[in-house]
Amino acid sequence: MAAIDHNSKSKLTRDLSISLLIYSLPVVAIFLYFKLTNGLITESHITLPSFLEFAQPAFQHIRTWGLIVFMLVLGAIEFAAGLYDDEWTGEERKIDIVCFLAPKLLLPPVIAFFSLTALPYLIPHLANSLSWVPFWGGFFLIAIADDLTQYWYHRLHHQVPFLWRFHRTHHSAPYMGMAMASRQNFIYTVFFSQIYLTATLTFLGLGLPALFVLVIKSIITLGAHSSIAWDKPFYKYKVLHPFAWVLERLISTPATHHAHHADTSGDGVGHFKGNFGNMFFIWDMIFGTGLITRKFPKSYGMKSYKQEEWYAQFLWPIFKSKKEGSALAEGVLAVPLKQKAENLSPSPVYYEQAQHLKLQRK
């Protein structure tokens, strides 16, 4: 057991060291750019490159209301095509609707307070201090910082037993699609670390690059959750295979992300202990957590799912489930019985099937 812990810690230390290097790459690139141009500032984030100026209004509209429309339209298409196999019923419908609507009503005030009150109070003299950074520099800085931070946030919620139950709601859905794309425990969403990181970079003057990153990332992540397998043609036609090879290693696709939501890993397709990437799948390739099969799981969710009440899934641990045997029930701890040597990163199902220890009330 000590050897396993040592190996796990060594891998974690290595991966974190690599992450620090990756975080620094856009900063180094911006520094070298100004060194090579003798410190001459010819453009800033305030003015887009000419070839992108036409896209700014479209990106602004997509950010404000376009993404919601996109989700609703794509969801309607999925339902019309019968891609949910009649599984969107009962508690599933309730939890998906609540998780879709509540954050859009409750989260904006939290982010607004952080951006308009907390940041001006904490770092008042740094507002717009990065406004000199060229658009391309700000874009890559935010794209890497935001998505790599979310990769770690996501990965830790799968590998740390206590954190897993805050992310469990997203994996309880026995289907993939727009209906469950926003399905998360609210506490998991509120503490999304990359949200506050990007808000801080926006306060520092990188608002326009942040807009473009957010829209592109949202489209990629929604497409990866969709039950419409838009990536299948790239695997089917041989002429597209080289492009598919690059695509599936660069960004999250339905095949790689659906594998992450499989209810088993025993079939060689499901990979819920990896494929953590949100916008970029390249993080999984770098850290060895990726699995690419170009196949889709036969079933999704968790085999031990108890169809817990919507309020328990959305607001655990504030509200607990009344379902017997649920990991979200009162006085229940979900802990691994024994960590096997071949399973250095125990899966969520492993935790779900672990011994439930009842807390003794005094």
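Residues numbered from 1 in each chain as written. Predicted model: local features only at pLDDT ≥ 70, side-chain atom pairs only at ≥ 80, totals over all residues. Heavy atoms only, no water.

A. Summary view of the pattern of salt bridges. Tallied over the entire structure, the rule returns 13 salt bridges. The salt bridge involving K94 is made with E91; its shortest N-O contact spans 3.8 Å. With K94 and E91 both in helix α3 (residues 90–122), this residue pair falls 3 residues apart, about one helical turn. Judged by relative accessible area, K94 falls into the partly exposed class, the value being 43%. When salt bridges with common partners are traced through the structure, they connect K11, R14, D15 and R155 into a single cluster. (Salt bridge = Lys/Arg side-chain N within 4 Å of Asp/Glu carboxyl O. Helix = DSSP H or I, 4+ residues; strand = E, 2+ residues; numbered from the N terminus. Buried < 20%, exposed > 50% of the residue type's maximum accessible area, 1.4 Å probe, protein only.)

B. Focus on the side chain of T149. Of note, T149 is situated in helix α4 (residues 135–159). When neighbours within four sequence positions are excluded, T149 is seen to be in contact with Y23, I144, S193, Q194 and L197. (Contact = heavy atoms within 4.5 Å.)

C. Main features of the layout of surface pockets. Estimated volume of the largest pocket: approximately 1600 Å³. R63, L107, I195, L214 and S218 are the residues nearest the centre of the largest pocket, which is lined by 47 residues in total. When residues of the lining of the largest pocket are traced back to their parent elements, those giving at least two are α2 (56–80), α3, α4, α5 (161–172), α6 (186–190) and α7 (193–225). Sort the elements by how many residues they give to the lining of the largest pocket and α7 lands first, with 16 residues. (1 Å grid on protein atoms, 1.4 Å probe; cavity = no way out; pocket = protein on both sides within 12 Å on 5 of 7 lines; lining within 4 Å. Points joined across faces, edges and corners; volume = space filled by probe spheres on them.)

D. Fine view of the environment of F191. Mapping F191 onto the fold places it in the loop between α6 and α7. A relative accessible area of 56% places F191 in the exposed class. Spatially, the C-alpha atoms of F191 and Y153 are 9.4 Å apart, while their sequence positions differ by 38 residues. Those residues in contact with F191, other than ones at most four positions away along the chain, are Y153 and Y196.

E. Summary view of the environment of V133. With respect to the secondary-structure elements, V133 resides in the loop between α3 and α4. Classification of V133 by relative accessible area gives buried; the value is 3%. Once the C-alpha coordinates of V133 and I30 are considered, the two residues, 103 residues apart in sequence, prove to be 7.6 Å apart.

F. Looking closely at unusual backbone geometry. Going from W316 to P317, the amide bond is cis rather than trans, its omega being 10°. As for its position among the elements, P317 is in the loop between α12 (310–315) and β1 (332–334). Although it is not a glycine, Q307 sits at a positive phi angle of roughly 50°. Mapping Q307 onto the fold places it in the loop between α11 (282–287) and α12.

G. How the structure looks around the nonpolar core. Within the largest apolar cluster, 45 residues are counted, with the highest numbers of intra-cluster contacts made by L148, Y151, L201, L206, W283, F287 and F314. Here the element with the most residues in this core is α7; it accounts for 9 residues. Those residues in contact with W283 that lie beyond four places of it in its chain are I22, I144, D147, L148 and Y151. Grouped together as the second largest cluster of nonpolar side chains are 14 residues, L67, Y84, M176 and M178 included. (Core = buried A, V, L, I, M, F, W, Y, C linked by side-chain atoms within 4.5 Å.)

H. Quick peek at the side chain of H167. Mapped onto the elements, H167 comes out in helix α5. Among the polar contacts made by the side chain of H167, one reaches the side chain of Q184 at a distance of 3.3 Å. Those residues in contact with H167 that sit more than four places away from it in its chain are H154, H157, H158, Q184 and Y188. (Polar contact = N/O pair within 3.5 Å; in protein donor to acceptor, adjacent residues only side chain to side chain.)

I. Highlighting the confidence of the model for the chain. Scored by pLDDT, the chain comes out at a mean of 85, with 87% of its residues at no less than 70. Within the model, the stretch residues 335–346 combines pLDDT values under 50 with 28 contacts to residues more than four positions away or in other chains. Below pLDDT 50 for its whole length, residues 353–362 participates in 21 contacts with residues either more than four positions away or in separate chains. (pLDDT = per-residue confidence, 0-100.)

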